[in-house]
Amino acid sequence: VKMNKFHWHLTDDQGWRIESNKFPLLHQTSKTYYTQEQIREIVHYAKCRGVEVVPEVDMPGHVSALLAAYPEYSCSNDKITLPKTSGIFPHILCAGQDKTYVFIEMLLDEITPLFESEKVHIGGDEVPKTEWKKCPHCQKKMAELGYQDYQDLQGYFTAKVIDILKKHGKKPIVWNESL
């Protein structure tokens, strides 16, 4: 059928499926994950068969697994548990704190070299802005940037992540609602 792309959805609310040496609580909290060596083997196996592996690392929403491990990157710092059902959950990455972007950069510095594809999918869909609307850090960032709409704040967040990916020579892919 000439399908040569494997869109590998490795993170979501219910689990973080990539081993991280920098942030081990990510995979330890989720329990079931691929080691970095297993990921390299799968990427190599696919490449030998003409298949490009495109990873998806969701943000700023669909990050309950990430925030269960590292709640300090949310707006509320609340300790949450891994959801056991599908859905859209309110806890998202805080777009107003610089430490969030430092964390994302360190994480992507570790993850992107595992994949040979020039593309990385960063999700961007189904991002409830409830926490951002209550967050003093997000409120301050919106005022600094002159934003009135929380979609603009998501655009700011996405642009920051895209800049990080570009440092690695990667092209971002997002779900269309984040555009």
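The shown structure was predicted, so the numbers you read here are calculated from the model rather than taken from an experiment. (Residues numbered from 1 in each chain as written. Predicted model: local features only at pLDDT ≥ 70, side-chain atom pairs only at ≥ 80, totals over all residues. Heavy atoms only, no water.)

K.L.:
Would you take a moment to explain the overall build of the chain for this structure?
P.N.:
A tally of regular secondary structure across the chain gives seven helices and six strands. In sequence order, the secondary structure elements of the chain are arranged as β-β-β-α-α-β-α-α-β-α-α-α-β. Rg of the C-alpha trace for the chain: 16 Å, near the compact-globule value of 16 Å for 179 residues, within the 12% margin. Based on the C-alpha atoms only, the size of the chain along its principal axes is roughly 50 × 30 × 30 Å. Looking at the chain as a whole, 49% of its 179 residues qualify as buried. Partitioning the intrachain contacts of the chain with sequence separation of at least 6 by distance along the chain shows that 74% fall at a separation of at least 24. Total accessible area on the chain stands at roughly 9,000 Å², and carbon and sulfur atoms take up 53% of it. The positive charge centre, built from 22 side chains, and the negative charge centre, built from 24, are 2 Å apart in the chain. (Helix = DSSP H or I, 4+ residues; strand = E, 2+ residues; numbered from the N terminus. Rg over C-alpha atoms; globule rule 2.2 N^0.38 Å. Buried < 20%, exposed > 50% of the residue type's maximum accessible area, 1.4 Å probe, protein only. Contact = heavy atoms within 4.5 Å. Areas by Shrake-Rupley, 256 points an atom, 1.4 Å probe, with all protein chains shown as cover. Lys, Arg positive; Asp, Glu negative; His and termini not counted. Charge placed at Lys NZ, Arg CZ, Asp CG, Glu CD.)

K.L.:
Looking at this structure, I do not really get the pattern of salt bridges. What am I missing?
P.N.:
Charged atoms that come close allow side chains of opposite charge to pair. Here the structure, examined in full by the defined rule, presents eight salt bridges. One salt bridge connects K5 with E52, and the closest N-O pair in it is separated by 2.7 Å. Taken as a pair, K5 in strand 1 (residues 5–9) and E52 in strand 4 (residues 52–56) lie far apart in primary sequence, 47 residues in all. Here E52 falls in the buried class, since its relative accessible area comes to 18%. Its salt-bridge partner being K167, residue E105 comes within 2.8 Å of it at the nearest N-O pair. One end of the pair, E105, is in helix 4 (residues 98–111); the other, K167, is in helix 7 (residues 150–167), and 62 residues separate them in sequence. What makes E105 partly exposed here is its relative accessible area of 25%. Because the salt bridges share partners, they merge into one network encompassing K5, E52 and K119. (Salt bridge = Lys/Arg side-chain N within 4 Å of Asp/Glu carboxyl O.)

K.L.:
Honestly, the side chain of H27 in this entry has me stumped. Any pointers?
P.N.:
With respect to the element layout, H27 can be found in helix 1 (residues 25–30). Judged by its relative accessible area of 6%, H27 is buried.

K.L.:
Got a minute to help me understand the environment of S86 in this structure?
P.N.:
Looking at where S86 falls in the secondary structure, it is placed in the loop between helix 3 (64–69) and helix 4. Measuring from C-alpha to C-alpha, the distance between S86 and Q14 comes to 7.7 Å, with 72 residues separating the pair along the chain.

K.L.:
Help me understand the packing of aromatic side chains, please; the structure alone is not making it clear to me.
P.N.:
The description of an aromatic ring pair rests on the distance of the ring centres and on the angle between the ring planes. Counted according to the given criterion, the structure contains nine aromatic pairs. With centroids separated by 4.9 Å and ring planes inclined at 70 degrees, the aromatic side chains of W8 and Y34 adopt a geometry described as edge-to-face. Here W8 is found in strand 1, whereas its partner Y34 is found in the loop between helix 1 and helix 2 (36–48), with 26 residues between them in sequence. Assessed through its relative accessible area of 32%, Y34 is described here as partly exposed. With a centroid separation of 4.6 Å and 70 degrees between ring planes, the pair formed by F23 and F103 is classed as edge-to-face. Of this pair, F23 sits in the loop between strand 3 (15–16) and helix 1 while F103 is found in helix 4, placing the two residues 80 residues apart along the sequence. Overall, F23 belongs to the buried group, its relative accessible area being 8%. An aromatic cluster is defined as three or more aromatic residues linked by ring pairs; in this entry it consists of F6, W8, Y34 and F115. (Phe/Tyr/Trp six-rings, centres within 6.5 Å; stacked < 30°, edge-to-face > 60°.)

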